[in-house]
Amino acid sequence: MLKKVLIANRGEIAVRIVRACAEMGIRSVAIYTEPDRYGLHVKRADESYSLGDDPIAGYLDPARIVNLAVETGCDAIHPGYGFLSENANFARLCEQKGVVFIGPKSSVIHGMGDKTQARDSMRAAGIPITPGSDGNLENLDEALKLANDIGYPVMVKATSGGGGRGIRRCDTPQELKTQYPRVISEATKAFGSAEVFMEKCIVNPRHIEVQILADSQGNVIHLFERDCSIQRRNQKLIEIAPSPQITPEQRQYIGDLAVRAAKAVGYENAGTVEFLLSGNEVHFMEMNTRVQVEHTITEAITGVDIVREQLRIASGLALSYRQEDIQFRGFALEFRINAEDPKNDFLPSFGRITHYYAPGGPGVRVDTAIYTGYEIPPYYDSMCLKLVVWALTWDEVIARGKRALDDMRLHGIKTTANYYQQILEHPDFRSGNFNTSFVPDHPELLNYSTKRHPSEIALALAATIAAHAGW
Ligand code: ADP
Ligand code: ADP
Ligand code: MG
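Every chain is numbered on its own, with residues counted from 1 as its sequence reads. For naming, the first written chain is A and the first written ligand is 1, with later ones following in the order written. Since the coordinates come from a predicted model, pLDDT governs what is reported: local features require at least 70, and pairs of side-chain atoms require 80 or more to be given and counted, while whole-chain, interface and lining totals use all residues. Only hydrogens and water are removed before side-chain values are computed, so all heavy atoms of the structure are retained for them.

With respect to the side chain of Thr296
So, step 1. Summarising the element assignment, Thr296 is placed in helix 10 (residues 295–302).
So, step 2. Burial status follows relative accessibility: with a 1.4 Å probe on protein chains alone, a residue under 20% of its type maximum counts as buried, one over 50% as exposed, and anything between as partly exposed. Residue Thr296 is classed as buried on the basis of its relative accessible area of 0%.
So, step 3. Residue contacts are defined here by distance: any two heavy atoms, one from each residue, within 4.5 Å place the two residues in contact. In this view, Thr296 contacts Glu334, Arg365, Asp367, Lys386 and Val388; residues no more than four positions away in its chain are not counted. Numbering of helices and strands runs from the N terminus; a helix is a DSSP stretch of H or I covering at least four residues, while a strand is a stretch of E covering at least two.

Here it is in structure tokens:
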């Protein structure tokens, strides 16, 4: 078993990994940059090291992080999600320096991180992929010609994209002409690569993804699916496991497809295969070669600790489960509580948390790195808390989600929590009948009242005064 792990991340996912290490008797090492000095991951890890004043550079410096792991006697690095988690050079450097990278081989990360290469491997493995370009687009002329062949609407997508960025829908040749250079410039800025490709736009699809686990002995299993159709601008807001809108036959089919995809590329560790579903059609979209934000809801319905399995796999152990051991029970929802103002086009709302009261009670889990008095730095992701609820039935999980969102008190910043209450009330959501257009199709859900009870305002005011007085 691994003895000491460096966590090359911050925020809630770093805390999540520290917790798994603590339960397994593995020592944890945190890294941080100066704006993160008061981060919970720094307080909770067994050791912590500063990587300088720049808010981001330290978290994105492969050589420095791998050297630190070697110097501090770590036998492995957990990359979390975002940052260097899908950086093949980082994984390769770990391999070269004899530090275990907790994820697949660098060549697999490379092959899957390049979305056109991933499409090629999947096509070769007989996995149905979204119709689109063979490889990257050379220029606008090629894009226009291809769009004409496959039919509008089409999507232009950044080949190295992620996090919902670098994706644009085009309904007409005119739109394609304006959007094409925009995706290129977005891709260059965000991912350092100007490569783009095209897919047919699947209209009103459901985003269904399958969690898989693979060990170094060739065993691959899936932990069923998650429905991540509730999105704004191609970014997930609320995730659901299992999907309330697929049949047992579809479930079996996509689970098998995901295992086949993982086997085809020699996958190892935890990963997610993402699909778009339209009616009975299934299209492979991409594979994320890391732990995902929403792994929590799969943990809730299956009882499998995914981060623990990651650490076991990286230690060279076989999976703790065979496919037939994996059962799911009930439903789970994850609410990504973002420090954003939904009423103001989801503008980030960073600042000091003047008062935080965690929701609790049966079936409630919170993964976060915030606390009362914590100041959310403006340099990172706006997601500040994951609220996960579980219940036996769909109706009960909705009621529990409403109750838990209502329990939570988070003052000092604007968040997406109240907006989620509106989504939970909507008949289309309640009937389990929605697709990736749900959010854009229901702008009226943003018209909720933000009036608060006078006692709450008094409490927030008192907390603000206390925070400013340094109490
Ligand atoms: P998940 O697939 O786990 O739901 P998200 O797509 O929400 O994850 O991304 C999780 C985090 O990782 C976000 O902070 C996102 O911006 C970041 N991220 C994902 N892919 C990339 C990428 N290719 N490059 C840079 N950041 C990424
Ligand atoms: P990322 O790497 O940023 O997660 P994905 O390729 O997974 O990018 O796409 C993110 C989201 O964008 C999907 O969940 C879906 O809502 C939308 N999307 C992507 N490709 C298509 C497509 N071909 N047709 C329709 N929607 C798409
Ligand atoms: Mg994706």
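A closer look at the UniProt feature "domain: ATP-grasp" (unreviewed entry) in the protein chain
So, step 1. UniProt positions are given in the numbering used here, feature names are shortened, and annotations may be inferred rather than shown by experiment. In the numbering used here, UniProt assigns the "domain: ATP-grasp" (unreviewed entry) feature to residues 119–315.
So, step 2. Secondary structure over residues 119–315 splits into 36% helix and 31% strand, and the C-alpha atoms at its two ends are 30 Å apart.

With respect to the coordination of the magnesium ion (ligand 3)
So, step 1. Around the magnesium ion (ligand 3), the protein supplies Glu274 (OE) and Glu286 (OE) as donor atoms, at distances of 2.0 to 2.1 Å. Residue Glu274 is found in strand 12 (residues 269–278), and its partner Glu286 is found in strand 13 (residues 281–288); the two are separated by twelve residues along the sequence. Here Glu274 and Glu286 have matching classes, each one buried. Distances up to 2.8 Å from the metal define which N, O and S atoms are donors, and 3.2 Å serves for Na, K and Ca; water is absent from the atom set, so sites may look incomplete.

Re the packing of helix 5 (residues 106–113) against helix 6 (residues 115–124)
So, step 1. Lines fitted to the C-alpha atoms define the axes, with helices restricted to the stretch that makes contact. Angles between their N-to-C directions range from 0 to 180 degrees. Here helix 5 crosses helix 6 at 100 degrees, and the two axes come no closer than 5 Å. One element, helix 5, and the other, helix 6, form an angle in the roughly perpendicular class. Residues His110, Gly111, Met112 and Gly113 of helix 5 pack against Lys115, Gln117, Ala118 and Met122 of helix 6.
So, step 2. Amino acid classes used here: Ala, Val, Leu, Ile, Met, Phe, Trp, Tyr, Cys and Pro are nonpolar; Asp, Glu, Lys and Arg are charged; the rest, including Gly, are polar. Partitioned by chemical class, the residues of the contact of helix 5 with helix 6 number three nonpolar, four polar and one charged. Orientation labels follow simple angle bins: below 35 degrees gives roughly parallel, above 145 gives roughly antiparallel, 65 to 115 gives roughly perpendicular, and whatever is left gives oblique.

Looking at the site of ligand 2
So, step 1. Nearness is judged by heavy atoms alone; a residue qualifies as near a molecule or strand once a single heavy atom is within 4 Å of it. Ligand 2 sits among 21 residues. The nearest are Lys115, Gly164, His207, Gln231 and Glu286.
So, step 2. Measuring from an oxygen atom of ligand 2, one finds a side-chain N or O atom of Lys115 at 2.7 Å.
So, step 3. Whenever a nitrogen or oxygen atom comes within 3.5 Å of another N or O atom, the pair is scored as a polar contact, on the condition that within protein one atom can donate a hydrogen and the other can accept it, and that pairs from neighbouring residues in sequence are kept only if both atoms are in side chains. Between ligand 2 and Glu274, the relevant distance is 2.8 Å, taken from an oxygen atom to a side-chain nitrogen or oxygen of the residue.
So, step 4. Contact with the protein chains removes 95% of the 550 Å² of surface that ligand 2 exposes when unbound.
So, step 5. Secondary-structure elements contributing two or more residues to the shell around ligand 2 are strand 6 (154–158), strand 8 (196–200), strand 12 and strand 13. Calculation of accessible area relied on Shrake-Rupley with a 1.4 Å probe; when residues are assessed, cover is drawn exclusively from the protein chains displayed.

Here's the deal with the site of ligand 1
So, step 1. Close contacts around ligand 1 come from 17 residues, with Gln292, Val293, Glu294, Arg336 and Asp381 the closest.
So, step 2. One of the backbone nitrogen or oxygen atoms of Gly82 is found 3.4 Å away from an oxygen atom of ligand 1.
So, step 3. With respect to ligand 1, the side chain of Arg336 contributes an N or O atom lying 2.6 Å from an oxygen atom.

Some points on the packing of aromatic side chains
So, step 1. Centres within 6.5 Å are what make two rings of Phe, Tyr or Trp a pair, Trp counting through its six-membered ring; a difference in plane orientation under 30 degrees is then read as stacked, over 60 as edge-to-face, and the rest as tilted. Per the stated rule, a full pass over the model turns up 13 aromatic pairs.
So, step 2. When the ring of Tyr379 is compared with that of Tyr380, the centres are 5.9 Å apart and the planes differ by 80 degrees; the resulting orientation is edge-to-face.
So, step 3. Residue classification places Tyr380 among the buried residues on the basis of a relative accessible area of 8%.
So, step 4. Linked through ring pairs, Tyr59, Phe83, Tyr379 and Tyr380 together constitute an aromatic cluster.
So, step 5. Placement of a positive charge over a ring is assigned whenever Lys NZ or Arg CZ falls within 6 Å of the ring centre and within 35 degrees of the normal to the ring plane. Geometry around Tyr380 places Arg10 over its ring, the cationic atom sitting 3.7 Å from the centre.
So, step 6. A cation over a ring is seen here: Lys343 above Tyr448, with NZ or CZ 4.5 Å from the ring centre.

Some remarks on the domain arrangement of the protein chain
So, step 1. Domain borders in the structure are assigned automatically or taken from a domain database. Each domain of the protein chain was delimited in the assignment, giving domain 1 (4–102), domain 2 (131–200) and domain 3 (206–351 + 395–454).
So, step 2. Between domain 1 and domain 2, the C-alpha centre-to-centre distance is 34 Å.

Some remarks on the pattern of salt bridges
When charged atoms on two side chains of opposite charge get close, those side chains can pair.
So, step 1. Any Lys or Arg side-chain nitrogen found within 4 Å of a carboxyl oxygen on Asp or Glu counts as a salt bridge. Within the structure shown, the criterion is met by 33 salt bridges.
So, step 2. Here Glu86 and Arg290 are joined by a salt bridge, their closest N and O atoms 2.8 Å apart. Linking Glu86 in the loop between strand 4 (76–78) and helix 4 (88–97) with Arg290 in the loop between strand 13 and helix 10, this pair joins segments that are 204 residues apart in sequence.
So, step 3. Residue class for Arg290 comes out buried when judged on its relative accessible area of 15%.
So, step 4. The partner of Arg365 in a salt bridge is Asp367, and the shortest N-O contact between them spans 2.9 Å.
So, step 5. For Arg365, a relative accessible area of 24% gives the class partly exposed.
So, step 6. Using a relative accessible area of 3% as the deciding quantity, one classes Asp367 as buried.
So, step 7. Put simply, Glu209, Arg226, Lys236, Glu239, Glu274, Glu294 and Arg336 are held in one network by salt bridges that share partners.

Description of helix 12 (residues 394–407)
So, step 1. Take the residue count of a helix, subtract one, and multiply by 1.5 Å to get its expected span. Its 14 residues give helix 12 an end-to-end C-alpha distance of 20 Å, which sits within 8% of 20 Å, the value for a rise of 1.5 Å per residue.
So, step 2. When helix 12 is considered as a whole, its buried residues turn out to be Trp394, Val397, Ile398, Gly401, Ala404 and Leu405. The arc that holds the buried residues of helix 12, viewed along the axis, is 130 degrees, so those residues lie on one side. Facing away from the buried side of helix 12, by more than 90 degrees, are the exposed residues Asp395 and Asp406.
So, step 3. The elements touched by buried residues of helix 12 are strand 11 (235–241), strand 14 (331–338), strand 19 (364–368), strand 21 (383–391), helix 13 (417–425) and helix 14 (427–430). Directions from the helix axis toward the C-beta atoms define the arc.

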